[in-house]
Amino acid sequence: MDRSIFMGGLPGTVSRRGFLRACAIATAAMGLPMEMVTKVAEAAQNPQRPRVVWLHFQECTGCSESLLRASHPDLASLILDLISLDYHETLMAAAGKQAEENLEKAIEEGNYILVVEGAIPLKDGGVYCKIAGKTAVEILKKAAEKAIAIITIGTCASFGGIQAAKPNPTGAVGVRDIIKDKPIINVPGCPPNPHNFLSTVLYYLTFKKLPPTDRYGRPLFAFGRKIHDHCERRPHFDEGRYVEQFGDEGHKLGFCLYKVGCKGPETYSNCPVIRFNDVEVWPVSVGNGCYGCTEPNFWDTMSPFHKRLPNVKIPGGKGIQASATEIGKTALGVTAAAIAVHAGVGIAKKLATGSKSEE
């Protein structure tokens, strides 16, 4: 990739230590044994980098921002080192005719991974999102023709996002509602965790195929378990200790947020394990319930966001004695997931320590 086509304000090349740490975190996130870190790192360093065309449609650019803002390791630089980013209109210095020429050239050459950010409107011929006189659906279909595979980043591209919320005035949909003849993997979230996108790319580089997915096309390594099953507040749920309203004593003590609307019991994601912002936090850990943003149609099915979900069986005060076996399984699952991530970081640090001279 010619770095000159991108803005000069992007971070520099990632350090060896940061690189190994990222590979270890990704390996743990994918559920692979730590012995695979070396293989993942080797795949990431392959000089034959896959070409990527990154399209933007109906979105807020928050998905790209989450990637660019991440650090320790610097995922923006890491991703740019892993792939040959041939087109990304937000990062490119080129604009207008020059940018469109870059896209046309990339599509003509083919054999690339297509990354899509944002929903695609279909109503009235797709006129509600146009770039260079072409509708989003036209651009998507053309770019998909010669793509090896498609990765959607964010809930908008995966399922339509807020644009598709009722009454969906523009007829917005996700990529899978339009493209039917290409392998597609969805990495939802509003925004998605950048490590899940990184892990998907590294899985593809390591195994030359996309990872196994659930029925919604989400990688199982990231979206195979409900948040509720590995949340640090789960013991409070099992013991019947809930926040009744924001700011009460239970809220101050870190009790379960289910009664104030947490959607963790119906949301699949690894947020409690991977976390965000380089300081190991996520919405629930800082006192706000999960909104279910990785689920299809969450703007409709999960709202009002601060109202409890119906049909969720709660212990009713019986606490741990009522379901000791199930709680034990949950505790083991949480512990295993936490150990995997921390072990990954530990191995990365050891590997990096021996490579300081390469930084």
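Residues numbered from 1 in each chain as written. Predicted model: local features only at pLDDT ≥ 70, side-chain atom pairs only at ≥ 80, totals over all residues. Heavy atoms only, no water.

Now for the nonpolar core. The biggest cluster of nonpolar side chains holds 36 residues, and the ones touching the most others in it are Met30, Leu82, Val115, Ile151 and Leu202. Top element by residues in this core is helix 8 (residues 194-207). It accounts for seven residues. Setting aside anything within four residues of it in sequence, one finds Met30 in contact with Val40, Ser199, Leu202, Tyr203 and Phe221. (Core = buried A, V, L, I, M, F, W, Y, C linked by side-chain atoms within 4.5 Å. Buried < 20%, exposed > 50% of the residue type's maximum accessible area, 1.4 Å probe, protein only. Helix = DSSP H or I, 4+ residues; strand = E, 2+ residues; numbered from the N terminus. Contact = heavy atoms within 4.5 Å.)

Mapped onto the present numbering, the UniProt feature "binding site: [4Fe-4S] cluster 1" (unreviewed entry) falls on Cys60, Cys63, Cys156 and Cys190. Spanning 131 residues, the annotated positions come together in the fold, the maximum distance between their C-alpha atoms being 10.0 Å. Note on placement: Cys156 falls in helix 7 (residues 155-159). The residues touching Cys156, leaving out its near neighbours within four places in the chain, are Gln58, Gly118, Ala119, Gly161, Ile162, Gln163, Val173 and Gly174. For Cys190, the location among the structural elements is in the loop between strand 9 (184-187) and helix 8. Discounting chain neighbours no more than four positions away, the residues touching Cys190 are Thr155, Cys293 and Phe298. (UniProt positions renumbered as here; feature names shortened; annotations may be inferred.)

The residues that UniProt annotates with the feature "binding site: [4Fe-4S] cluster 2" (unreviewed entry) are His228, Cys231, Cys256 and Cys262. A maximum C-alpha distance of 11.2 Å is found for the annotated residues, which run over 35 residues; spatially they form one tight group. Within the secondary structure, Cys231 sits in the loop between helix 9 (220-223) and helix 10 (234-238). Take Cys262: it is sitting in the loop between helix 11 (249-252) and helix 12 (271-274). Classification of Cys262 as buried rests on a relative accessible area of 10%.

Turning to the state of the cysteines, a few remarks are in order. Such a bond, covalent and formed between the sulfur atoms of two cysteines, is termed a disulfide. This structure, assessed with the given rule, holds zero disulfides. No disulfide involves Cys231; its nearest neighbouring cysteine sulfur is the one of Cys262, lying 6.3 Å away. The exposure class of Cys231 is buried, given its relative accessible area of 10%. Cysteine Cys256 is unpaired, with the sulfur of Cys262 as its nearest cysteine sulfur at 6.5 Å. (Disulfide = S-S within 2.5 Å.)

Below, the discussion takes up unusual backbone geometry. Note on backbone geometry: most residues besides glycine have negative phi, and most peptide bonds are trans. Between Lys166 and the following residue, Pro167, the backbone shows a cis peptide bond with an omega angle of 10 degrees. Mapped onto the elements, Pro167 comes out in the loop between helix 7 and strand 8 (172-173). Of the consecutive residues Ser303 and Pro304, the connecting peptide bond is found in the cis state with omega at 0 degrees. The residue Pro304 is located in the loop between helix 13 (298-301) and helix 14 (324-353) in this model. We note that Asn168 has phi near 50 degrees; this positive angle belongs to a residue other than glycine. Inspection of the secondary structure assignment puts Asn168 in the loop between helix 7 and strand 8.

A word on the side chain of His230. Along the polypeptide, His230 turns up in the loop between helix 9 and helix 10. Side-chain polar atoms of His230 contact the backbone oxygen of Ser269, separated by 3.0 Å. (Polar contact = N/O pair within 3.5 Å; in protein donor to acceptor, adjacent residues only side chain to side chain.)

Another aspect to go through is the pairing of strand 9. By the alternation rule, side chains of strand 9 split into Ile184 and Asn186 and Ile185 and Val187, which are all buried. In this structure, strand 7 (residues 147-153) lies alongside strand 9, joined through four bridges in parallel fashion. When the sheet's bridge partners are listed, Thr152 is paired in strand 9 with Asn186. (Pairing = 2+ DSSP bridges.)

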